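# Descriptive structure summary
The residues making up each chain are set out below.
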Amino acid sequence: MRSSVQVTNRRRILCVFPHYTPAFGTFNHAYRLMKGVRAFMPPQGLLLIAAYMPQEWPVRFIDENIRKASDADFAWADAVLVSGMHVQAAQIHDIAARAHAAGKAVMLGGPSVSASPEMYPDIDYLHIGEMGDATDQLIARLDASVARPAAQLRLETKDRLPLHDFPIPAYDLIPLKNYLMLTLQFSSGCPYLCEFCDIPNLYGRQPRLKTPAQITAELDAMRKQKGHPPVVYFVDDNFIGNRKAAKDMLPHLLAWQQQHGFPLNFACEATLNIAKQPEILRLMRECAFLGIFVGIETPEADALKAMRKSQNVAVPMMESIKTLNDYGLEVTSGIILGLDTDSDDTEVRLKDFIDISQIPMLTINLLQALPKTPLWDRLKAAGRLEDDPGLESNVRFLRPYDEVVSMWRRCITYANDPERLFARFHHQVDATYVNRIVTPARGKLNWANLSSGLVLAFRVVLHIGILSDYRRPFWRTVRHALRRGQIDAVLGMGFIAHHLIQFTREALRGEQNASYYSTKLRTAAPAPELAPLRESA
Ligand code: B12
Ligand code: SF4
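The rules behind the values
Residues numbered from 1 in each chain as written. Chains lettered and ligands numbered in written order. Predicted model: local features only at pLDDT ≥ 70, side-chain atom pairs only at ≥ 80, totals over all residues. Heavy atoms only, no water. Helix = DSSP H or I, 4+ residues; strand = E, 2+ residues; numbered from the N terminus. Rg over C-alpha atoms; globule rule 2.2 N^0.38 Å. Contact = heavy atoms within 4.5 Å. Areas by Shrake-Rupley, 256 points an atom, 1.4 Å probe, with all protein chains shown as cover. Salt bridge = Lys/Arg side-chain N within 4 Å of Asp/Glu carboxyl O. Buried < 20%, exposed > 50% of the residue type's maximum accessible area, 1.4 Å probe, protein only. Near = heavy atom within 4 Å. Nonpolar A, V, L, I, M, F, W, Y, C, P; charged D, E, K, R; others polar. Pairing = 2+ DSSP bridges. Axes fitted to C-alpha atoms, helices over the stretch in contact; angles between N-to-C directions. pLDDT = per-residue confidence, 0-100. Right-handed = clockwise from strand over helix to strand, strands pointing away. Core = buried A, V, L, I, M, F, W, Y, C linked by side-chain atoms within 4.5 Å. Polar contact = N/O pair within 3.5 Å; in protein donor to acceptor, adjacent residues only side chain to side chain. Expected span 1.5 Å × (residues − 1).

When you go through the protein chain residue by residue, the secondary structure sums to 19 helices and 14 strands. In terms of C-alpha radius of gyration, the protein chain reaches 23 Å, essentially the compact-globule figure of 24 Å for 537 residues. The dimensions of the protein chain, computed from C-alpha atoms along their principal axes, are 65 × 60 × 45 Å. Summarising the internal contacts of the protein chain: among those between residues at least 6 apart in sequence, 78% fall at separations of at least 24. For the protein chain, the accessible surface area stands at approximately 21,700 Å², while carbon and sulfur atoms represent 55% of it.

In structure tokens:
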């Protein structure tokens, strides 16, 4: 639903979403392999706000991952609405400066300002928290005046709008065909209390939910656009934050898939204890879920206990990964280095974990303390928060800084060595891909999908199979997958591997951050002491 605020004036609203900072998880190197893809995922939060604006207010939406907002856009607007994460702070300040240069007031919402309003002294209106009473107050203020206020105003949500009253995000305002994946939110909040995570504080511990009817209505809305990507990512922090709700929703998703001939595949994020939910996993398989991001964080049990991630200790890790693979789910894992529990053995244990788990994609990054987390409070009390923009993390590690950063470099080198990476994909063919349901062709059989598939196949063959120095392990895995009829998997692993290998090479040249949470400005200093990734051609 839209805001119930009765407005008397017409306001032109410009929503601008900042550019991402490249990361293992943004797949930027993969875009050039795909037809028309310019960005990873549509920004749910700002699209929701766009849809919540009063009916009478025209809204223009620009994702700067696709195109930059122009002078003409700023000139058109009466007010500029922005969103973003900490890692996008520099881009947020830049958008605000451009809007101010055009004389327009700026409103900022989203996870970064909600956790750290003090980072944004330059913004006119700060919206702290989720959509709710503060959003209505913001609309009322805009209706009253679009002039920049004399002093900054902070509006904080006390009453959150229930998710079942959320409007359908304004998908009609963006070109979905320019994204690698679609996004969908079913729940908000997570019941756990991992020490490093700001989710419980930002979004609450009691997951709030949309109805199954909202989920299918959003899918219908996305499908109205020709050429949309065929995969939908559930952005919920923990898909099983409320297990019963997930179990109740999935049959509706399945019915929708069956009714439309399975036009989509899905992926989500969840805690590892989802492995103990066979009914949910069975339904996910039936619905054509392909991937699951799990915050495994570390294979070391003591470290998991120390970071209060006991839900990962409660289940045998390797067995759980195998269980997920048995249901056709390829696991992607987040890994953190620089923990207080790190020892001389940590590196070896992580490398063993990579080899044994056979997880192809791991986002390995350095611990960063986020505001509004128990970790931040603990390190602040211990005087262990750094404020040096030249460092890769704001945590004073217990082990020497250079040692921790070097370990990170060796671990990403190891994980994304082309031979090893493609060997893990090779394993997934038999362990995971063959366990997926075979969906009817009719749902995906359209010209847009066909031409995108052909372009991707051609570019994967050209850039990876012919021009890259990792073509040999690539073709070995491709032959294996094709013998088992896994054509889609070939394309998927091609673009994922390409991004991981290229991004790792940039990181080793000193062009990328070790902590993706960090806003460190790159100095692009090369790291000559490190061997390059093994060349396999
Ligand atoms: C999907 C996602 C991504 C996608 C982004 C896709 C996209 N286009 O947005 C990708 C994979 C790219 C990504 C990457 C990263 N992410 Co991320 N991501 C998420 C995730 C899981 C869901 C985001 C989402 O859609 N939420 C649902 C929407 C509806 O919520 P929302 O954006 O908060 O919006 C609500 C309010 O904030 C408000 N609102 C939002 N914007 C605005 C604007 C205005 C004007 C107003 C009035 C209100 C308002 O209204 C909305 C409705 O209530 C969140 C977790 C989460 N729960 O949000 C993490 C999260 C945002 N990511 C996070 C992080 C740290 C990252 C990474 C740095 C590392 C990582 N964990 O992978 C990278 C950085 C990327 C980069 N290099 O730039 C942190 C951010 C911490 C912070 N406080 O800034 C979060 C909170 C998760 C976490 N704690 O680790 N991420
Ligand atoms: S399970 Fe995930 S979302 Fe929940 S508190 Fe832990 S890290 Fe955060």
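Okay, back to it.
Counted by the stated rule, this structure contains 27 salt bridges. The shortest N-O distance in the salt bridge between Arg12 and Asp78 comes to 3.8 Å. In this pair, Arg12 is assigned in the segment before β1 (13-17) and Asp78 in the loop between α2 (71-76) and β3 (79-82), connecting sequence segments 66 residues apart. For Arg12, a relative accessible area of 29% corresponds to the partly exposed category. One salt bridge connects Arg484 with Asp430, and the closest N-O pair in it is separated by 2.6 Å. In this pair, Arg484 sits in the loop between α18 (471-483) and α19 (487-508) while Asp430 sits in helix α16 (residues 418-431), placing the two residues 54 residues apart along the sequence. Given a relative accessible area of 38%, Arg484 falls into the partly exposed group.

Taken together, the neighbourhood of ligand 2 is formed by Cys190, Tyr192, Cys194, Phe196, Cys197, Pro200, Asp237, Thr271, Lys309 and Gln311. When the residues that make up the shell around ligand 2 are grouped by side-chain class, the tally is six nonpolar, two polar and two charged.

With that settled, consider the sheet that holds strand β13 (residues 330-337). Strand pairing in a sheet relies on backbone hydrogen bonds, with the paired strands running either antiparallel or parallel. One open sheet holds the six strands; their spatial order is β7-β10-β11-β12-β13-β14, and the pairing between them is parallel. With partners counted over all chains shown, the strands left at the sheet margins are β7 (182-184) and β14 (361-366), one partner each. Taking each pair of neighbouring strands and ignoring which way they run, the sheet shows an average axis angle of 20°. Looking at chain direction, strand β12 (residues 289-297) and β13 are connected through five bridges and run parallel. By the bridge assignment for β13, Glu297 is matched with Ile335. Running at roughly 160° to β7, helix α7 (residues 212-223) makes contact with β7, β10 (231-234) and β11 (265-269) of the sheet.

Quick look at the confidence of the model for the protein chain now. For the protein chain, the average pLDDT comes to 93, and 95% of its residues sit at 70 or higher. Note on residues 521-537: pLDDT under 50 across the span, and 43 contacts to partners over four residues away in sequence or across chains.

The parallel open sheet is built from six strands, whose spatial order is β2-β1-β3-β4-β5-β6. The sheet is open, and its two borders are formed by β2 (59-63) and β6 (153-156), each paired with just one other strand. When the angles between neighbouring strand axes are averaged without regard to direction, this sheet yields 20°. Strands β1, β3, β4 (105-108), β5 (125-128) and β6 of the sheet are contacted by helix α5 (residues 133-144), whose axis makes an angle of about 140° with β6.

The element β2 is extensively covered by neighbouring structure, given that four of its five residues are classed as buried. By the bridge criterion, five bridges tie β1 to β2 in an arrangement that is parallel. The residue of β2 that forms the bridge with Leu14 is Arg60. Handedness of the β-α-β unit built from β1, helix α1 (residues 44-52) and β2 comes out right-handed.

A few words on the nonpolar core. In terms of nonpolar packing, the biggest core is built from 147 residues, with Phe239, Met284, Phe289 and Ile364 touching the most fellow members. Here this core takes twelve residues from α19, the largest share from any one element. Setting aside residues no more than four positions away along its own chain, Phe239 makes contact with Phe186, Phe234, Ala246, Met249, Leu250, Cys268, Glu269, Ala270, Met284 and Phe289. Of all hydrophobic cores here, the second largest spans 19 residues; its members include Ala77, Val82, Ile95 and Leu126.

As a further point, take the site of ligand 1. As a structural note, the neighbourhood of ligand 1 is formed by 41 residues, with Tyr20, Thr21, Asp198, Tyr203 and Asp237 the closest of them. One of the backbone N or O atoms of Gly110 is found 3.4 Å from a nitrogen atom in ligand 1. Within the side chain of Tyr203, a nitrogen or oxygen atom sits 2.6 Å from an oxygen atom of ligand 1. Sorting the residues of the shell around ligand 1 by element identifies α1, β3, α4 (111-115) and α6 (199-203) as the ones contributing at least two each. At five residues, α1 tops the list of elements feeding residues into the shell around ligand 1. Classifying every residue of the shell around ligand 1 by side-chain character gives 24 nonpolar, 13 polar and four charged.

Before going further, it helps to spend a moment on helix α15 (residues 401-415). The first and last C-alpha atoms of α15 sit 21 Å apart over 15 residues, in line with the 21 Å expected at 1.5 Å per residue. Those residues of α15 hidden inside the fold are in contact with β13, α13 (346-357), β14, α16 and α19.

This part takes up the environment of Val461. Inspection of the secondary structure puts Val461 in helix α17 (residues 447-466). Note on Val461: relative accessible area 33%, which makes it partly exposed. Considering only alpha carbons, one finds Val461 and Arg471, ten residues apart in sequence, at a separation of 9.0 Å. In this view, Val461 contacts Ile466 and Trp475; residues no more than four positions away in its chain are not counted.

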